[in-house]
Amino acid sequence: MNAPAPAVTVIGLGPMGHAMAAAYLEHGYAVTVWNRTPARADDLVARGAHRAATPAQALEANPLTVLSLTDYDALDAVLEQAAHADLTGRTLANLTSDTPARARAAAARLAERGAAHITGGVQVPPPLIATPGATAYYSGPPEAVEAHRAALEVLTEVDYLGADPGLAALYYQIGMDMFWTALVGYVHAQAVARANGISAADFLPHARKTLDMGYFLDFYAPRIDAAHHVGDVDRITMGAASMAHVADTAAEAGVDTALPQAVLAAFSRAVEQGRGADSLTRLIDVLGAAD
Ligand SMILES: NC(=O)c1ccc[n+]([C@@H]2O[C@H](COP(=O)([O-])OP(=O)(O)OC[C@H]3O[C@@H](n4cnc5c(N)ncnc54)[C@H](OP(=O)(O)O)[C@@H]3O)[C@@H](O)[C@H]2O)c1
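Residues numbered from 1 in each chain as written. Predicted model: local features only at pLDDT ≥ 70, side-chain atom pairs only at ≥ 80, totals over all residues. Heavy atoms only, no water.

Looking at an unreviewed UniProt entry, one finds the protein chain named NAD(P)-binding domain-containing protein and attributed to Streptomonospora mangrovi. The UniProt entry for the protein chain carries the following comment under Sequence similarities (unreviewed entry): "Belongs to the HIBADH-related family." (UniProt positions renumbered as here; feature names shortened; annotations may be inferred.)

Outline the UniProt feature "domain: 6-phosphogluconate dehydrogenase NADP-binding" (unreviewed entry) in the protein chain, listing residues and values.
Mapped onto this numbering, the UniProt entry gives "domain: 6-phosphogluconate dehydrogenase NADP-binding" (unreviewed entry) at residues 8–157. Spanning residues 8–157, this segment combines 40% helix with 21% strand, and its end C-alpha atoms are found 17 Å apart. (Helix = DSSP H or I, 4+ residues; strand = E, 2+ residues; numbered from the N terminus.)

Report on the pairing of strand β6 (residues 116–122), specifying residues and quantitative values.
Of all 7 residues in β6, 7 are buried, a share of seventy percent or more. What you see with β6 is no split at all: Ala116, Ile118, Gly120 and Val122 on one side and His117, Thr119 and Gly121 on the other are buried throughout. Assessed by its sense of winding, the connection that carries the chain from strand β5 (residues 91–94) through helix α5 (residues 100–112) to β6 is right-handed. The sheet contact formed by β6 and strand β7 (residues 135–139) spans 4 bridges and is antiparallel. Across the sheet, residue glycine 121 finds its bridge partner in β7, namely tyrosine 137. (Buried < 20%, exposed > 50% of the residue type's maximum accessible area, 1.4 Å probe, protein only. Right-handed = clockwise from strand over helix to strand, strands pointing away. Pairing = 2+ DSSP bridges.)

Report on the sheet that holds strand β3 (residues 50–51), specifying residues and quantitative values.
In a beta sheet, neighbouring strands pair by backbone hydrogen bonds and run either parallel or antiparallel. Taken together, 8 strands build an open sheet; the order of strands is β3-β2-β1-β4-β5-β6-β7-β8 and the sheet is mixed. Unpaired on one side and paired on the other, β3 and β8 (157–160) mark the two borders of the sheet. With 5 bridges joining them, strand β1 (residues 7–11) and strand β2 (residues 30–34) adopt parallel strand pairing. Bridge pairing in β2 links threonine 9 to threonine 32. Across the sheet, α5 lies against β5 and β6, angled at about 155° from β6, the strand it touches most. (Contact = heavy atoms within 4.5 Å. Axes fitted to C-alpha atoms, helices over the stretch in contact; angles between N-to-C directions.)

Outline the nonpolar core, supporting the account with residue identities and numerical values.
Counting residues in hydrophobic clusters, the biggest one holds 36 residues, and the most contacted among them are Tyr24, Val31, Val33, Val66, Ile129 and Leu155. Looking at this core, the element that brings in the most residues is helix α1 (residues 15–26), giving 8 residues. Once residues within four sequence positions are removed from consideration, isoleucine 129 is found in contact with Met16, Ala19, Met20, Ala23, Val122, Val124, Leu155 and Thr156. By size, the runner-up hydrophobic cluster in this structure holds 21 residues, among which are Ala58, Leu79, Leu110 and Ala115. (Core = buried A, V, L, I, M, F, W, Y, C linked by side-chain atoms within 4.5 Å.)

For the UniProt feature "domain: NADPH-dependent reductive aminase-like C-terminal" (unreviewed entry) in the protein chain, give the residues involved together with the corresponding values.
UniProt records the feature "domain: NADPH-dependent reductive aminase-like C-terminal" (unreviewed entry) at residues 164–287, using the numbering of this structure. Strand forms 0% of residues 164–287 and helix 72%; the C-alpha atoms that close the span are 27 Å apart.

If you had to explain empty space enclosed by the protein to someone new, which residues and values would you point to?
This structure, assessed with the given rule, holds 1 cavity of 30 Å³ or more. By volume, the largest cavity amounts to about 40 Å³. Tyr72, Thr96, Ser97, Asp98, Thr119, Gly120, Gly121, Ala169, Tyr172 and Gln173 are the residues that line the largest cavity. Looking at the lining of the largest cavity, the elements with two or more residues in it are β6 and α8 (166–195). Grouping the constituent residues of the lining of the largest cavity by class yields 3 nonpolar, 6 polar and 1 charged. (1 Å grid on protein atoms, 1.4 Å probe; cavity = no way out; pocket = protein on both sides within 12 Å on 5 of 7 lines; lining within 4 Å. Points joined across faces, edges and corners; volume = space filled by probe spheres on them. Nonpolar A, V, L, I, M, F, W, Y, C, P; charged D, E, K, R; others polar.)

Put into structure tokens, the structure is as follows:
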């Protein structure tokens, strides 16, 4: 006899959850889906997915449910609708973004219902789900992660950080701190380019060179850990002058300057505190982190 197909439930069919459900179907899983807006499941159902009528039915359908929701308010709304579902022995792999505190609270609430909560943080966009090199942070009960590793690895490589359910959310949010500021910086720069008649495509090769920042990440990390903020390579006064030029160039192009002004304000605060001759890593103190 053939072994039964592996099975999984996916709750939340935004771009990310939809890509995950599709990946499971492609890998031969029996997939149960539930989404607040049912129509988002239509094409998956046409390809063989089972549409659960309620979140409770979806959660009870399989030992493993993957959740991909906007935030933990949405998780709370889903779990409220499944308040009477029997979650004993179930595992919820929650790939929804939110704070570490909310991940820990959700894990504690689900433990009271006999369920394991694995926190996840996906590091790739939906089109890269189930492609080589895709990774996601995970934390939570190691036995639950091991029990469902094969299913999780359909989606991404598993970067397991430890038992604390907050860890995956923490690493994910630290990453997003860089990701969003860098990417909005890119869009801001392209706005200045466009205002000067330079297309995004024309500026792209230059943007790629500027944002290839591995050298700087490697150079500054040990200096941050050693609190070695000597301005032998760069000085905060130089950074402040440079950011003022960036803000002025944006203003001359009629582009909003709030973003460069926020960076300039951090440099200026460091100068006011007498740190103008230090390296930009001194900003780690100015921004509030302890040595
Ligand atoms: N998209 C990406 O590039 C990307 C990359 C990495 C990580 N992530 C993370 O992955 C998660 C999902 O991403 P996404 O782009 O698919 O997000 P999304 O567009 O916000 O979709 C999320 C899902 O949440 C559901 N939802 C929202 N509020 C709800 C509520 N109150 N009750 C029930 N369901 C609710 C939506 O249902 P409806 O269809 O009914 O609106 C939808 O299915 C997010 O936490 C995101 O940060 C996304």
